[in-house]
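Coordinate analysis (summary)
In case you want the letters, here they are:
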Amino acid sequence: MSGMLGLGFMQKAFLAGAIISIVLSLMSFFVVLRGMSFIGVGIAHSALGGIALGVLAGVDPRWTAIVFCVAVANLITYTSRKGALQEDAVIGIFFSLTMAAGIILIGLSKAYSVDLFGYLFGNILAVSNEDLWLAAGVGLLVLASAGVFFKELLMDSFDRELALASGIPVKSLDHLMASLIALTVVISVKLVGIVLASALLVIPGATALRLTARWQRMLGISLVAALLATFGGLSLAYFFDLAPGASIAVVSSALFFLSFLRKS
Amino acid sequence: MNGEAGRVVELRDVLVRYDGNVVLEDIDFDLSAGEIVAVVGPNGGGKSTLLKVILGIKNIEKGTVRVLGKPPSEARNDMGFLPQISTYKRSFPVTVLDVVLMGMYGRLGLFRRPKRREREKAMDTLGQVDMAQLASRPFKDLSGGQQQRVGIARALVSEPRLLLLDEPSTGVDVVAQESFYRLLEKFRGEKGISVVIVSHDVGMIAPVVDRVALLNRNIHYYGEPTGALAPAMLEKAFGAHVRLLVHDEHCLTCSRR
């Protein structure tokens with residue numbers, strides 16, 4: 001164990017994992033309670049379009065991914081509210097459109113060095129100091145925003161009609177949540193990649209909801225589940241030479257299935 | 001004090017559409033201080049929409065709406081609302097106390113969290129509906145009747161002058177309904193609160209309210225409960241022959257004081 005933690009790249013991986021687990025656990029809490037699992041999947045996959053835009057324009061893809069993801073997340077929220085289509089159909093359309101656009105744009109860029117596999121499945125062992133600062137900064141912004149509007153988000157998640165009647169601006173909260181999910185996804189991409197970030201937006205919260213009927217405990221359990229999954233997955237990846245992102249997702253899922261041992 | 005001659009609610013010539021379809025038309029409706037009225041009608045007749053108009057969460061296309069002499073959005077803190085039981089998420093991880101505290105979120109405003117004072121107020125209100133002993137229980141573990149009492153505590157905790165109840169008898173057995181209506185009587189007596197109850201069950205609600213409005217897009221009748229029970233009137237509002245079961249003081253199977 002000390003050998004693993006003595007390596008600089010593993011220290012950075014654990015630090016990035018801890019930061020992202022804290023943010024993911026809070027967002028997962030709301031994603032599960034608000035029934036937004038599929039919107040999380042849609043937003044996560046749109047990140048590829050944002051990354052590709054950056055690659056094509058010669059700009060840092062992390063920044064284009066942030067702008068693109070936040071824009072797509074708000075567009076999905078707006079369109080599903082205004083349009084005649086159900087939200088899941090809107091997500092399905094944006095999901096495939098933005099991902100396809102990303103693949104086409106990367107093809108057009110002729111930049112053969114683009115690590116498409118790394119963006120899709122993560123590359124936590126290559127976390128840079130810049131990645132860490134970005135994750136910490138954006139993570140703090142997400143935590144602070146969700147913290148400020150916590151009671152309003154909680155009430156709206158429980159009963160939208162009641163929230164409306166109390167004068168809570170529920171449409172704005174929908175856009176806030178979509179934006180926070182987008183930001184969380186972008187900082188998680190380096191850790192677990194686009195495909196698995198959407199899974200981690202759901203699994204810790206779902207595990208916690210299986211184990212408690214109190215929201216305060218659900219928050220705590222979601223955090224512990226996310227940290228256990230990240231640290232456990234990283235350790236498994238190091239000792240058994242496995243893909244780190246996938247190992248994290250597998251440990252997270254294993255914790256979810258273990259939660260069924262407790263009778264509801 | 002409350003607008004015109006103590007009127008708590010006043011709607012004049014209100015027209016509401018949903019997706020271009022008229023849901024409410026030519027609505028004149030009023031409610032005086034301390035009055036309990038029922039709005040009864042078939043599903044899709046516009047009952048819940050009428051409550052939303054009073055709450056100020058559904059825009060009207062024509063007419064005027066005043067609550068305590070003000071536009072509804074300015075009177076929000078004077079209204080307590082019990083939504084239909086089907087609108088909340090069943091498995092949501094909240095305790096009974098959490099649910100009642102939510103009744104104060106609107107009044108607390110952004111950035112402020114409930115503190116000890118709010119908790120004490122919530123416990124006190126739970127005591128008024130005989131639910132204080134279950135404060136720390138998960139809300140989802142309660143029976144329909146108990147959840148309804150907690151919902152009333154949540155609606156009352158901000159000390160409103162007007163209570164709006166949307167189908168409060170759904171999923172609640174007859175005995176629990178009886179005790180629920182007695183509770184409303186108690187709050188009307190003690191606090192002078194006015195109540196609008198939306199229901200599809202005119203037979204159950206008529207004996208416990210001061211006036212009944214029969215609503216099916218228009219208000220077909222608004223007056224004494226006995227008048228609303230006339231078969232011709234019910235047929236006009238419900239659009240079909242209605243078989244009526246009234247739970248009054250002669251009802252042998254009803255539990256009463």
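Residues numbered from 1 in each chain as written. Chains lettered and ligands numbered in written order. Predicted model: local features only at pLDDT ≥ 70, side-chain atom pairs only at ≥ 80, totals over all residues.

Next up on the list: the sheet that holds strand β1 (residues 7-18) of chain B. Residues and elements named next belong to chain B. Reading across from one edge, β2-β1-β4 is the order of the three strands in this open sheet, with antiparallel pairing throughout. Bordering the open sheet on either side are β2 (21-32) and β4 (62-67), each of which pairs with just one other strand. For this sheet, the mean angle separating the axes of adjacent strands, direction not counted, is 15°. Here β1 pairs with β2 via eight bridges, running antiparallel. The partner of V14 across the bridge, within β2, is I27. Running at roughly 120° to β1, helix α1 (residues 47-55) makes contact with β1, β2 and β4 of the sheet. (Pairing = 2+ DSSP bridges. Helix = DSSP H or I, 4+ residues; strand = E, 2+ residues; numbered from the N terminus. Axes fitted to C-alpha atoms, helices over the stretch in contact; angles between N-to-C directions. Contact = placed C-beta atoms within 7 Å.)

Residues and elements named next belong to chain B. Reading across from one edge, β5-β6-β7-β3-β8-β9 is the order of the six strands in this open sheet, with mixed pairing throughout. In this open sheet, the two strands that pair with only one neighbour each are β5 (79-82) and β9 (218-223). Looking at each pair of strands side by side, their axes are set apart by 15° on average, direction ignored. Two elements, β5 and strand β6 (residues 162-166), share four bridges in a ladder whose sense is parallel. By the bridge assignment, F81 is partnered in β6 with L164. Across the sheet, helix α5 (residues 144-156) touches β5 and β6, and the angle it forms with β5 is around 160°.

A word on the confidence of the model for chain A. When pLDDT is averaged across chain A, the result is 88; 96% of the residues are at 70 or more. Per-element confidence in chain A ranges from a low mean pLDDT of 73 for helix α1 (residues 2-5) of chain A to a high of 96 for helix α11 (residues 203-211) of chain A. (pLDDT = per-residue confidence, 0-100.)

This part covers the interface of chain B and chain A. Contacts between the two partners involve 19 residues from chain B, matched on the other side by 21 residues from chain A. Looking at the side of chain B that touches chain A, its residues break down into twelve nonpolar, three polar and four charged. (Nonpolar A, V, L, I, M, F, W, Y, C, P; charged D, E, K, R; others polar.)

This next bit is on unusual backbone geometry. All names here are of chain B. Positioned with a positive phi, D19 is a non-glycine residue whose angle comes to about 50°. Looking at the secondary structure, you find D19 in the loop between β1 and β2. Given 6 C-beta atoms within a 10 Å radius, D19 is considered exposed. (Buried ≥ 20, exposed ≤ 12 C-beta atoms within 10 Å, placed from the backbone.)

The next subject is the packing of helix α12 (residues 215-240) of chain A against helix α13 (residues 244-258) of chain A. Residue and element names in this part refer to chain A. As a packed pair, α12 and α13 sit with axes 7 Å apart at the nearest point and diverge in direction by 135°. In terms of their interaxial angle, α12 and α13 are classed as oblique. As for the relative orientation of α12 and α13, their crossing is right-handed in sense. Contacts between α12 and α13 involve A225, L228, A229, T230, G232, G233, L234, L236 and A237 on the former and, on the latter, P244, S247, I248, V250, V251, S252 and L255. The residue inventory of the contact of α12 with α13, partitioned by class, reads eleven nonpolar, five polar and no charged. (Parallel < 35°, antiparallel > 145°, perpendicular 65-115°, else oblique. Left-handed = near helix turned anticlockwise from the far one by under 90°.)

It is a general feature of regular strands that their side chains alternate between the two faces of the sheet. Residue and element names in this part refer to chain B. Counting the residues that bridge the hairpin from β1 to β2 gives two residues, and of these D19 lies at a positive phi of roughly 50°. Strand direction decides the pairing type here: β1 and β4, joined by five bridges, are antiparallel. Its bridge partner lying in β4, R12 is registered against T64.

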